[in-house]
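# Residue-level structure breakdown
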Amino acid sequence: MGLGSLLAVEPHVMSAKAFFLRGWVWLRRMAVLLAAGAASVVFSCNPALGEVSPGRPVLAARAIPEPITLDGWLNEPAWREIPAASGFVQREPKVGEPATEPTEVRIAYTPATLYIGIRALDSDPRAVVAREMTPDADIVTDDSVSIVIDTFLDRRNGYFFATNANGVRTDALISDEGDGFDVEWDGLWQVEARRTEEGWSAEMAIPFSTLRFAPGSGEWGLNVRRLVRRKGEETYWAPLPLEADIARMSLAGRLSGIDGITPGLNLRVKPFAVASGRESLAAHEEAAPIGAEDGFETGQETGLDLKWGVGRGMSLDLTVNTDFAESEADEQQVNLSRFSLFLPEKREFFLENAGIFDFGPRTPFGQTLFRPFFSRRIGIGADGGSVPMEWGARLSGRSGPWSLGFMDVQTGPRGDGESENWGVVRAKRRMGDRATLGVLSTRHDSPEGTNLLYGMDGDYQPTSRLKLRSFWAMSDDPSRGGDAAGGAGAVYRGPRWRWSLDALEIGDDFNPEMGFLLRRGVRRYAGSATWLPRPDIPGVRYLFFESRNQVYTDLSGEVESIYSELDFFALRTKSDDAFGFFAVHNFERLEEPFEIRPGVVIPAGEHAFEQAGAWFETNVSRPVSVEAWVQQGDFFDGDRFASGVTLRLRPGRHFRSETIWDHNDVRLSGGSFSTNLFRQRLQVALTPDLSTAALVQYSDAAELLAVNLRLGWTYRPGADLFLVLNETWDAPSLGGRRERDRQAILKMTYLFAM
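The notes below deal with the structure included here.

About the cut-offs
Residues numbered from 1 in each chain as written. Predicted model: local features only at pLDDT ≥ 70, side-chain atom pairs only at ≥ 80, totals over all residues. Heavy atoms only, no water. Helix = DSSP H or I, 4+ residues; strand = E, 2+ residues; numbered from the N terminus. Buried < 20%, exposed > 50% of the residue type's maximum accessible area, 1.4 Å probe, protein only. Contact = heavy atoms within 4.5 Å. Areas by Shrake-Rupley, 256 points an atom, 1.4 Å probe, with all protein chains shown as cover. Salt bridge = Lys/Arg side-chain N within 4 Å of Asp/Glu carboxyl O. Pairing = 2+ DSSP bridges. Patch = residues over 30% accessible without salt bridge, like charges linked within 9 Å, V, L, I, M, F, W, Y side chains within 5 Å. Polar contact = N/O pair within 3.5 Å; in protein donor to acceptor, adjacent residues only side chain to side chain. Core = buried A, V, L, I, M, F, W, Y, C linked by side-chain atoms within 4.5 Å. Phe/Tyr/Trp six-rings, centres within 6.5 Å; stacked < 30°, edge-to-face > 60°.

What follows is about the overall build of the protein. Of regular secondary structure, the protein possesses four helices and 43 strands. Burial statistics for the protein: of 754 residues in total, 52% are counted as buried. Look at the contacts in the protein between residues 6 or more apart in sequence, and 59% of them connect residues 24 or more apart. If you sum the accessible surface of the protein, you get close to 32500 Å²; carbon and sulfur atoms cover 56% of it.

Set out below in C-alpha cells:
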C-alpha cells in the first residue's frame, strides 16, 4: 500500500486528527527503510582511519582595557600577554600528523568587541597564495584562516569568519553541523591583514552586537582551520577526522574566559534610495526598424531595511519597498529534459537564516525534486520578471532548543491583478544531542484562492557518521483539493565509505504553491555509494569510485524513469589535480510525444540509452586552472555528443576571469540540433571594499545575449553604493543580434547601527 492510498480521503480538507494519524502511519512504515540504512554501517571499512582524540583543546580569552588598533601587525603589548591556540593537526594530506607550518591564534575582548589575532607563519613567505580580494570570496583557493564560534555551546550551530593575506571578509551562518551553511549572511565586522617576513598575519574585530549569545555563559565552542594551498595542507586547532569539516561543531574545542559582555541594543536601520532608467526596444519585432516604438521609463524609489536582535538568539528583519538591484543575474541553462529547471535564490532578504526554513530530506545528488518552501516563488513571476514587494517581515533564529522562523511578505499586483500574500512558519526542536523534530506551514493568498501546506519532519543521528531523516506534508489547494507527500532517507559519511538512501512519494494532487515541485504522482528511490581508498601510490592523495542511482515509478509501481551514473575510476593527486571516467544509463517511459526543441519531437514509448565520458580539473589555486568534460552515447532514439570547458585566470589579487563553454550535438529520428552556452565572468577588485564585475552570457538555445555589469563600493561598514547596468539582445546568432532592452540602476544604502 502506497502513500497515496494511505492518505486518500474524500473530503476537501481532512480533519486534524486524521492528518496526524495518517502521517504517523506513514512515518512508521518509512522507519523500515531507516532501519535498513542503519544496518549498512557494517560497510564502514576501517573504523580507526581518521579517528581523533576525544579530548578537545581549550583556549582562554583575555579581557583588555583598551580596543585593539586594527592594522594586521599584532604589535600591541596585549597580544604578547595572551595565550595562543597552537599545535595544529593535519586533516589533509596526512591525517593526524602535526602541521608543517605553525599557526598562532589569540583572542581578546573589550565589553563591546571580540578581537582575534592570527599569525600564520610560513617557511616560504613568498609562496603564500593570496589572489581573492572580494567580500565573501571562496577563500579555500587561497592560503587562509577560518574561525568558527558556537556562542550557545549547543554543538550544532555557529558563526564562520575567514580571511586571507589580503584581508578579505568571508562569513557565514552554520546550522545543524553544516547541513545549513548560509554564506549570504553578512555580519558587521572588520579585518586587516598583511604579509610579513614570517608569513602573514591578521586582526579581526567582531562587535558583540553582531553575535547572538547567552550572557554570562562564559564558555563558547571554537575551532580554527589553516589552509596552506601550495601543499594542499588543511590543519585544525581542534583536530577533525577525514569525514568531518569545519562545520562539525560537535568536534570543536572550547573558548573560555568570556565574561562581562553585552550585545547592546543590536538594532540596524538601513535606508536606501534607488534611481533607475529602462529602455525597452521594439527592434526584436521583425518588421520594426531599430529604435521604432522605443519605450523609455525612469523611476525613483526609497525604502528601508531594519534588523533587530530580539532576545539572545532571534533576529527580526523588516523591509519596505524592497529592492534587489544588487543581486547578480541568473545563470542561463540548457534544458534537455521535459521538466523545469531549479534556479538558486540570490536575494539577500531571503537568504539570511534560510537554513532554518529547510524541510524534509534531500538527495545529495541529482535534480532537486521537491521543496515545500522555495523563496523564488515570492517576487518573481513565472516568466522570470520581477513582481514588486511592498513589504516583508521575518523573525528567525534560535532560542534554547528551538529553531524558529516566521515570514510574511506582501507582493504588489501583477498587471491589473490583485496583491498577494505569502506566509511561512517553521519550528524545530532539538531533542537531546542527536535528534530534532520540526513542523512547517505555508500559506499563499492570491486571487485564485488560498493554498495551504502543513508538514512535519525529524532527523536522528545515532552515530557521528550516520544521519536518518523523514518527513510528511499535506497540501490543500482550491483547485486540486488535498493530497500528501512523504519520505525518509539515510546518509552515512565515513573516512573511506560514504553512502545514502532516500525514498519519497508525492501524490497526484499534491500542490505546494510556495515551493518547488518537479514531478507529482510519483515515487522516487535513490541511493549512492562512494569508496575513497588512499593507497600508497606516489603523487596520489586518494582514488574515487562512486555509484549514483535514481528510480521513478508512478503510484502503481510502474517504472517511469531511471538515472544511473557510475564513476568507475577517478583520482586526486597530491598537487590537487583530478581526473576520472564515468558511464551513464538512462530510461524514460514517455506517455506522449515530447518536443525537446521547436520542431524536434521525441516519440512516445520506452527509451533506454547509455553514455560514457571523462573529466579532469586542475588545482584552482593556480594562476591558470582548467576544468573539462566530454560525454558521448545514445540519447532517446538517437545519439548525443556533449562537452564543456571552464578556464579560470587569477594572475593576481586584483583581477580574475572565468570562461565557460558548454556544447551539445544531438541527432534524433525527428530532427537534429546543437546548443551552445557561453558564460564569461570578469572581476576587478581594487580593494576588499571596492570591486566591479561583469557577467556576459550567450545561449543559442534561448536565442539570448545578456550583459550584467555591477560596481560595488562599501564606503563604510554596512553601507554600500551599487551601480548596475543590464542589456539584453535577441540573438539567433551573435552576428544577427537585435537589441531587446537596457537598464541602469543606481542604489545607495546607509547604516545606522545601535
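With that settled, the discussion passes to the pattern of salt bridges. Taken as a whole and judged by the stated rule, the model has 43 salt bridges. Between Asp 577 and Arg 622 there is a salt bridge whose closest N-O contact spans 2.8 Å. Residue Asp 577 is found in the loop between β30 (559-573) and β31 (578-590), and its partner Arg 622 is found in the loop between β34 (605-617) and β35 (624-635); the two are separated by 45 residues along the sequence. Exposure remark for Asp 577: the relative accessible area of 18% places this residue in the buried category. The salt bridge partner of Arg 681 is Glu 658, with a shortest N-O separation of 3.5 Å. In this pair, Arg 681 is assigned in strand β38 (residues 671-687) and Glu 658 in strand β37 (residues 655-668), connecting sequence segments 23 residues apart. Glu 658 matches Arg 681 in its accessibility class, with the two residues each being buried. One network of salt bridges, in which partners are shared, links Glu 92, Arg 229, Arg 534, Arg 541, Arg 572, Asp 576 and Glu 617.

For the rest of this paragraph, the subject is unusual backbone geometry. Residue Pro 93 is bonded to the preceding Glu 92 through a cis peptide linkage, with omega at -5 degrees. In this model, Asp 136 sits at a positive phi of 60 degrees, which is unusual for a non-glycine residue. Residue position: Asp 136 is located in the loop between β5 (113-121) and β6 (144-150). For Asp 576, which is not glycine, the phi torsion reads 70 degrees and is therefore positive. Structurally, Asp 576 can be placed in the loop between β30 and β31.

Strand order in the open sheet formed by five strands is β2-β4-β5-β11-β10, and the pairing between neighbours is mixed. At either margin of the open sheet sits one strand with a lone partner, and together these are β2 (62-63) and β10 (190-196). Inspection of the sheet shows β5 paired to strand β11 (residues 199-207) by nine bridges, in the antiparallel sense. Counted as the bridge partner of Ile 116 is Met 204 from β11.

Of note, Ser 144 is situated in strand β6. We classify Ser 144 as buried; its relative accessible area is 0%. What Ser 144 contacts, discounting residues up to four positions off in sequence, is Ile 139, Thr 163, Asn 164, Trp 200, Arg 225, Arg 226 and Leu 227.

Before going further, it helps to examine a nonpolar patch on the surface. Judged by side-chain polarity, Val 624, Leu 647, Leu 649, Phe 655, Leu 682, Val 684 and Leu 686 come together as a nonpolar surface patch covering roughly 530 Å² of accessible area. Sorting the residues of the nonpolar patch by element identifies β36 (638-649) and β38 as the ones contributing at least two each. When residues of the nonpolar patch are assigned to their parent elements, the largest contribution, three residues, is made by β38.

With respect to the helices and strands, the residue Arg 91 is situated in strand β3 (residues 89-92). Take Arg 91: its relative accessible area is 10%, and that puts it in the buried class. Taking the C-alpha atoms as reference points, Arg 91 and Glu 243, separated by 152 residues in sequence, lie 9.6 Å from one another. Once residues lying within four places of it in the same chain are set aside, the contact partners of Arg 91 are Glu 234, Thr 235, Tyr 236, Leu 240, Pro 241, Leu 242 and Ala 244. A distance of 3.3 Å separates a polar side-chain atom of Arg 91 from the backbone oxygen of Pro 241.

The subject of this paragraph is the environment of Arg 131. Topologically, Arg 131 is positioned in the loop between β5 and β6. Setting aside its immediate chain neighbours within four residues, Arg 131 contacts Asp 142, Asn 166, Ser 621, Arg 622, Pro 623, Arg 650, Pro 651, Gly 652 and Arg 653. Polar side-chain contacts of Arg 131 include one of 2.5 Å to the backbone oxygen of Ser 621.

A few words now on the side chain of Asp 502. With respect to the helices and strands, Asp 502 occurs in strand β26 (residues 497-506). Within polar-contact distance, the side chain of Asp 502 engages the side chain of Arg 524 at 2.7 Å.

Attention now goes to the nonpolar core. With 39 residues, the main nonpolar core has Leu 114, Ile 116, Ile 147, Phe 161 and Trp 220 as its most contacted residues. Every element with two or more residues in this core is listed here: β4 (103-109), β5, β6, β7 (158-164), β10, β11 and β12 (219-228). In this structure Ile 116 touches Trp 79, Val 105, Arg 106, Ile 107, Ile 147, Ala 202, Glu 203, Met 204 and Ile 206, once residues within four positions along its chain are discounted. Judged by nonpolar contacts, the second largest core, of 28 residues, contains Leu 369, Phe 370, Leu 440 and Leu 517.

Our focus in this paragraph is the packing of aromatic side chains. We describe a pair of aromatic rings using the distance from one ring centre to the other and the angle between the two ring planes. Within this structure, the stated rule accounts for 24 aromatic pairs. Both rings, one in Phe 545 and one in Phe 569, keep their centres 6.0 Å apart while their planes meet at 65 degrees; by these two values the pair is edge-to-face. Residue Phe 545 is located in strand β29 (residues 540-554), and its partner Phe 569 is located in strand β30; the two are separated by 24 residues in the primary sequence. Measuring from ring centre to ring centre gives 5.0 Å for Phe 635 and Phe 636, while their planes differ by 85 degrees; the resulting arrangement is edge-to-face.

Treat this as a map of the structure, not an account of what it does.
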